[in-house]
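# Breakdown of the fold
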Amino acid sequence: MAQKIELGLYLEGDDARRFERYMADPARYDTPEGREMTRWVRDHGEELVKSIR
Amino acid sequence: MPFRNIPAAPDVRLPKIPLSDITFGHLAAHHDVASFSCTHQELTDYLTVDALKNQDAHVAVTYLAIYEGKCVGYFSLLNDSIIKKDIDPGDDKDWYNYSYYPAIKIARFATHQEYEGRDIGRAMLTAIRSIAITVSKYSGCCVLSVDAKPDAELFYERFGFHRALKTKKKSTIPMYRCNIFRG
């Protein structure tokens, strides 16, 4: 039997604070490859999605 | 936010497959996925047994990555949320913007084992981020979430995902990354 898909990620205490700090300035915590992907998605993402059949 | 030294991408000798050579399509009954094989058997089973059923029920949508006519990877997406709970009403409001953040969850993500190390994962993650950005134009969605298998954690970290929980609570590792453009 397939492993079930769990929904809802609950954060509390320090985990919630870390998440909030991250969301306030996500670029600060990004990686070079993450940034490169972001640039690609910004420039070409729409085109890619339109190509999905 | 703790940082860890993230190793460079593994130096594998197989030629990378450029994103431009990969097409993406919704899983459909006519697709031949019987030959798909992943190192994690449950991910193979999900594609061959459950994915279409879940898609027909509108529970999760599955996309195939096709290269030279062959399914070299797949991923399944559904809506999720990140919920901050047990927040003290008197807590510092500087860090408390929203109780809920709408997200898209990467429910399944797998590369055909014969194509590992050839950038199929990068291509699929690029497609996921593109889909999520498009969705966010129609319905609130600012985060990607995933329950990473331990051997996939570094892959997600390379692309800016962060561990959600300091303390490990289950066999997978919940991770997130923001998926909105600023500036």
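Structure's up top.
Each chain carries its own residue numbering, running from 1 in the direction its sequence is written. As a convention, the first chain written is A and the first ligand written is 1, with the rest following in written order. For this predicted model, a pLDDT threshold of at least 70 governs which residues receive local features, and a threshold of 80 or more governs which side-chain atom pairs are given and counted, while totals over whole chains, interfaces and linings are taken from all residues. Based on all heavy atoms of the structure, the side-chain values leave hydrogens and waters out of the count.

### Here we look at the pattern of salt bridges
Every case where a carboxyl oxygen of Asp or Glu lies within 4 Å of a side-chain nitrogen of Lys or Arg is listed as a salt bridge. As enumerated under the stated definition, the model contains 15 salt bridges over all chains in all. Of the charged contacts in the structure, one is a salt bridge between arginine 122 of chain B and glutamate 33 of chain A, with a shortest N-O distance of 2.7 Å. Taken together, the positions of arginine 122 of chain B in helix H2 (residues 120-135) and glutamate 33 of chain A in helix H2 (residues 32-51) put the pair across two chains. Burial status follows relative accessibility: with a 1.4 Å probe on protein chains alone, a residue under 20% of its type maximum counts as buried, one over 50% as exposed, and anything between as partly exposed. Residue class for arginine 122 of chain B comes out partly exposed when judged on its relative accessible area of 22%. Judged by relative accessible area, which is 18%, glutamate 33 of chain A ranks as buried. Salt bridges sharing common partners tie together Glu6 of chain A together with Lys105, Asp147 and Lys170 of chain B. Starting at the N terminus, helices and strands are each numbered in turn, a helix being any DSSP run of H or I of at least four residues and a strand any DSSP run of E of at least two.

### A few points about unusual backbone geometry
Residue and element names in this part refer to chain B. With a phi angle near 60 degrees, histidine 58 is a residue other than glycine that sits in the positive phi range. Structurally, histidine 58 is set in the loop between helix H1 (41-56) and strand E2 (61-67). Relative accessible area serves as the criterion here: at 74%, histidine 58 is assigned to the exposed category. The residue glutamate 68 is not glycine, and still its phi comes out positive at about 50 degrees. Here glutamate 68 shows up in the loop between E2 and strand E3 (70-84). What makes glutamate 68 exposed here is its relative accessible area of 69%.

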